[in-house]
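Each chain, letter by letter, is given below.
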Amino acid sequence: MRVTFWGVRGSLPVPGPAAAGFGGNTSCVQITAADGSQVILDAGTGIRALGLALAGRSRSVHILLTHLHLDHIQGLMFFAPLFDPGTEVTIWGPTSEHRPLRERLGRYLSQPLSPLEIRDLPAHVRFEDALRPPWRIGDLEVKAALVAHRGPTLGYRLTAEASSVCYLPDHEPGLGEDLGTAEPDWISGYALAKGASLLIHDCQYDDDEYGPHRGWGHSRVSDALTFALRSHCSRLILTHHDPDHDDTRLRQIGEQVAEQWAQMGGDGTPSLAREGQVIEVG
């Protein structure tokens, strides 16, 4: 599998030179399997550039939304394949007992927030509940599960042959749990992350910042690292960078991450996601 990061920022996009190194676009990751099948994880502002790259080249597109907070869907109205009548786009997302996915997304893709209505999109668009038994998109097996974050939120695990990627960009597994001692079955997201070849995980705050933000649905450095250690993933990349963290601050956090990981006895070296980064898994 090839993993391409098109957006790694959390909460809101951050333009300008201070964020140019790690990138300022919000969450969007592309997974491409050996057979050419692909999925797009989240539709933050990073999906705009991805859509331009796909325009006229892909007739079937699958978008897997973790949840419907604005930073994970705000790129949809600028995604070029949605304006191509020859393209089939399937949008997968979390279920709700109140409104179907199409109707909930329609609250954003409608007046007064959007110049067009969701029904006006020229592409052939389907909306599907992702909280179901594992299913396949070409060579990719997709599994979704609810995780700890405000509002109905999904994590995903994508598997192709012996390789797997777990995607948990908005996740607070340490809320109400001691991650170092809790039984695995009680840890949010554990079943998705266990033994993953690559874990892409939320790390919005350093440990000093976390206190006032506890319960907001995001992880601090120590919890993200403990979760990764408990889940026995082969490689860890931390994402959903706080908009107040410029490149200098993120480099400092990266050094903290490497130091703490070594002290914990972890293998390899975790890194912070960068926009434009491409990783081959397996």
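Residues numbered from 1 in each chain as written. Predicted model: local features only at pLDDT ≥ 70, side-chain atom pairs only at ≥ 80, totals over all residues. Heavy atoms only, no water.

Asks: Please clarify how the sheet that holds strand E4 (residues 60–64) should be interpreted in this entry.
Replies: Adjacent strands of a sheet form backbone hydrogen bonds with each other and so pair up, either parallel or antiparallel. Ordered by their spatial adjacency, 7 strands build an open sheet running E6-E5-E4-E3-E2-E1-E14, and the pairing between neighbours is mixed. On the outer flanks of this sheet lie strand E6 (124–129) and strand E14 (278–280), each paired with one strand and no other. Averaged over neighbouring strand pairs, the angle between their axes works out to 20° when direction is ignored. Examined bridge by bridge, strand E2 (residues 28–32) and strand E3 (residues 38–41) share 4 bridges and lie antiparallel to one another. Following the sheet pairing, Val29 is matched in E3 by Leu41. (Pairing = 2+ DSSP bridges. Helix = DSSP H or I, 4+ residues; strand = E, 2+ residues; numbered from the N terminus. Axes fitted to C-alpha atoms, helices over the stretch in contact; angles between N-to-C directions.)

Asks: Got a minute to help me understand the pattern of salt bridges in this structure?
Replies: Opposite charge on two side chains permits pairing when their charged atoms draw close. Counted by the stated rule, this structure contains 7 salt bridges. A salt bridge links Glu128 to Arg132; its shortest N-O distance comes to 3.1 Å. Salt bridges sharing common partners tie together Arg126, Glu128 and Arg132. (Salt bridge = Lys/Arg side-chain N within 4 Å of Asp/Glu carboxyl O.)

Asks: Is there a simple way to explain the sheet that holds strand E8 (residues 140–146) in this structure?
Replies: If you trace the 7 strands from one edge of the open sheet to the other, you get E7-E8-E9-E10-E11-E12-E13, paired in mixed fashion. Strand pairing shows two members of the sheet lacking a second neighbour, strand E7 (135–137) and strand E13 (271–272), which therefore form its edges. With 6 bridges joining them, E8 and strand E9 (residues 154–160) adopt antiparallel strand pairing. Across the sheet, residue Lys143 finds its bridge partner in E9, namely Arg157. In the packing of helix H5 (residues 221–231) onto the sheet, the strands contacted are strand E10 (163–168), strand E11 (198–202) and strand E12 (236–239), and the crossing angle to E11 comes to about 155°. (Contact = heavy atoms within 4.5 Å.)

Asks: So what exactly am I meant to see when it comes to helix H6 (residues 247–264) here?
Replies: For H6, with 18 residues, the first-to-last C-alpha span of 25 Å sits near the 26 Å given by 1.5 Å per residue. Those residues of H6 not exposed but buried are Asp247, Arg249, Leu250, Ile253, Val257 and Trp261. Buried residues of H6, seen end-on, are gathered within an arc of 145° and therefore sit on one face of the element. Away from its buried face, by an angle of more than 90 degrees, H6 presents the exposed residues Glu255, Glu259, Ala262 and Gln263. Among the structural elements, H5, E12 and E13 are those in contact with the buried residues of H6. One or two steps after H6, the chain reaches Gly265, where phi turns positive at roughly 85°. (Expected span 1.5 Å × (residues − 1). Buried < 20%, exposed > 50% of the residue type's maximum accessible area, 1.4 Å probe, protein only. Arc of directions from axis to C-beta.)

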